[in-house]
Amino acid sequence: YTVTVGDGPEGADLTTSGSDSVNLAEGEDYVDADFGFNTPDVGSIGDYVWLDTNGDGVQDPGEMGIGNVEVTLTYPDGTTETTTTDDNGEYLFDELPAGDYVVTVGDGPADTNITTSGTDNVTLGEGEDYVDADFGFEPEIPMVDLSLEKTASVASAMVGDEFSYTIEVINQGPDDATGVEVFDNLPANVTYVSDVATTGTFSENSDTWILGSVPAG
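Parameters at a glance
Residues numbered from 1 in each chain as written. Predicted model: local features only at pLDDT ≥ 70, side-chain atom pairs only at ≥ 80, totals over all residues. Heavy atoms only, no water. Helix = DSSP H or I, 4+ residues; strand = E, 2+ residues; numbered from the N terminus. Buried < 20%, exposed > 50% of the residue type's maximum accessible area, 1.4 Å probe, protein only. Contact = heavy atoms within 4.5 Å. Areas by Shrake-Rupley, 256 points an atom, 1.4 Å probe, with all protein chains shown as cover. Core = buried A, V, L, I, M, F, W, Y, C linked by side-chain atoms within 4.5 Å. Pairing = 2+ DSSP bridges. Axes fitted to C-alpha atoms, helices over the stretch in contact; angles between N-to-C directions. Phe/Tyr/Trp six-rings, centres within 6.5 Å; stacked < 30°, edge-to-face > 60°. Lys NZ or Arg CZ within 6 Å of the ring centre and 35° of its normal.

*Asks:* Before we go on, may I ask you to explain the overall build of the chain in this structure?
*Replies:* On a plain count of helices and strands, the chain comes out with 0 helices and 17 strands. Taking the principal axes of its C-alpha atoms as reference, the chain extends roughly 130 × 30 × 25 Å. Counting only residues that meet the buried cut, the chain has 23% of its 217 residues in that class. At a minimum sequence separation of 6, the contacts of the chain that also span at least 24 residues come to 53%. A total accessible area of about 14200 Å² is found for the chain, and carbon and sulfur atoms account for 47% of it.

Below you can see the structure in the form of structure tokens.
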């Protein structure tokens with residue numbers, strides 16, 4: 001007789017002969033047709049996507065992880081697996097045999113730009129845990145071009161005269177400006193009477209025109 005063993009678990013190597021030729025005697029019970037498989041140690045790849053607030057591509061103290069970012073692992077045979085980062089910005093692909101892998105990060109949050117390479121080529125050793133497939137995104141800094149023009153309704157005034165100032169703020173973009181405030185300290189001997197703000201509000205106490213957002217254009 002010939003006894004032949006089939007494939008073992010995925011990634012396992014046969015450690016014995018794959019077949020056993022048996023000359024079975026009459027009435028004999030042969031119990032030594034045994035076969036062994038060795039399963040290599042498996043490893044993992046991870047592990048972090050973070051908000052790179054200073055845009056230097058380095059994980060600095062206090063820079064927080066970004067959740068819900070898609071990360072894709074390409075296996076040595078070309079197949080892929082996708083996961084997303086948790087609330088702390090961490091992710092992990094585990095139970096990986098040794099081989100050459102590619103880790104690719106997806107899009108970051110809105111209004112961010114990646115500060116690291118978007119891929120990491122990893123040659124994973126047997127049983128290795130590779131935790132340096134990290135990706136950073138920095139907040140996008142708006143580009144604005146603000147200018148201010150202030151005019152008076154009269155060229156000169158006498159004591160007791162009432163006149164007005166007109167202040168115009170222009171944003172030539174290309175992005176909208178936010179959080180805009182204009183501080184305008186009145187000259188000595190000039191008293192505030194009233195204001196008409198076409199946009200935002202004017203605070204008499206602080207001489208501040210609170211505009212908020214100024215669209216480009």
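There's more to say after this.
*Asks:* Got a minute to help me understand the nonpolar core in this structure?
*Replies:* The nonpolar side chains of soluble globular proteins are, as a tendency, buried together. Within the largest apolar cluster, 18 residues are counted, with the highest numbers of intra-cluster contacts made by Ile45, Val49 and Val103. For this core, the secondary structure elements donating two or more residues are β5 (43-51), β6 (70-74), β8 (90-96), β9 (99-105), β11 (119-124) and β12 (129-139). If one sorts the elements of this core by residue count, β12 sits on top with 4 residues. Membership of the second largest hydrophobic core comes to 7 residues, among which are Val169, Ala177, Val182 and Leu211.

*Asks:* What am I meant to see in the sheet that holds β5 here?
*Replies:* Hydrogen bonds between backbone groups are what pair the strands of a sheet, and the pairing can be parallel or antiparallel. What the 4 strands build is an open sheet, ordered β8-β5-β12-β10; its pairing is mixed. Two strands in the sheet have a free side with no partner beyond their single neighbour: β8 and β10 (112-114). The sheet shows a mean angle of 25° between the axes of neighbouring strands, direction not considered. Where β10 meets β12, 3 bridges bridge the pair, whose relative direction is antiparallel.

*Asks:* I keep staring at the pairing of β9 and nothing clicks. Help me out?
*Replies:* Residues Gly99, Tyr101, Val103 and Val105 line the buried face of β9, whereas the alternating positions Asp100, Val102 and Thr104 sit on a face that is not buried. Strand direction decides the pairing type here: β6 and β9, joined by 4 bridges, are antiparallel. Paired with Val71 across the strands is Val105, a residue of β9.

*Asks:* Whenever I open this one, the packing of aromatic side chains confuses me. Can you help?
*Replies:* Describing an aromatic ring pair means giving the distance of the ring centres and the angle of the ring planes. Enumeration over the complete set of coordinates arrives at 4 aromatic pairs. Seen in terms of ring centroids, Tyr75 and Tyr101 are 5.6 Å apart; in terms of plane orientation they differ by 65°. Their pairing is edge-to-face. Within this pair, whereas Tyr75 is found in the loop between β6 and β7 (80-84), its partner Tyr101 is found in strand β9, the two being separated by 26 residues in sequence. Taking the centre distance of 5.4 Å and the plane angle of 80° together, the rings of Phe163 and Tyr165 count as edge-to-face. The exposure class of Phe163 is partly exposed, given its relative accessible area of 28%. Lys150 extends its terminal NZ or CZ atom over the ring of Tyr165, reaching a point 4.2 Å from the ring centre.

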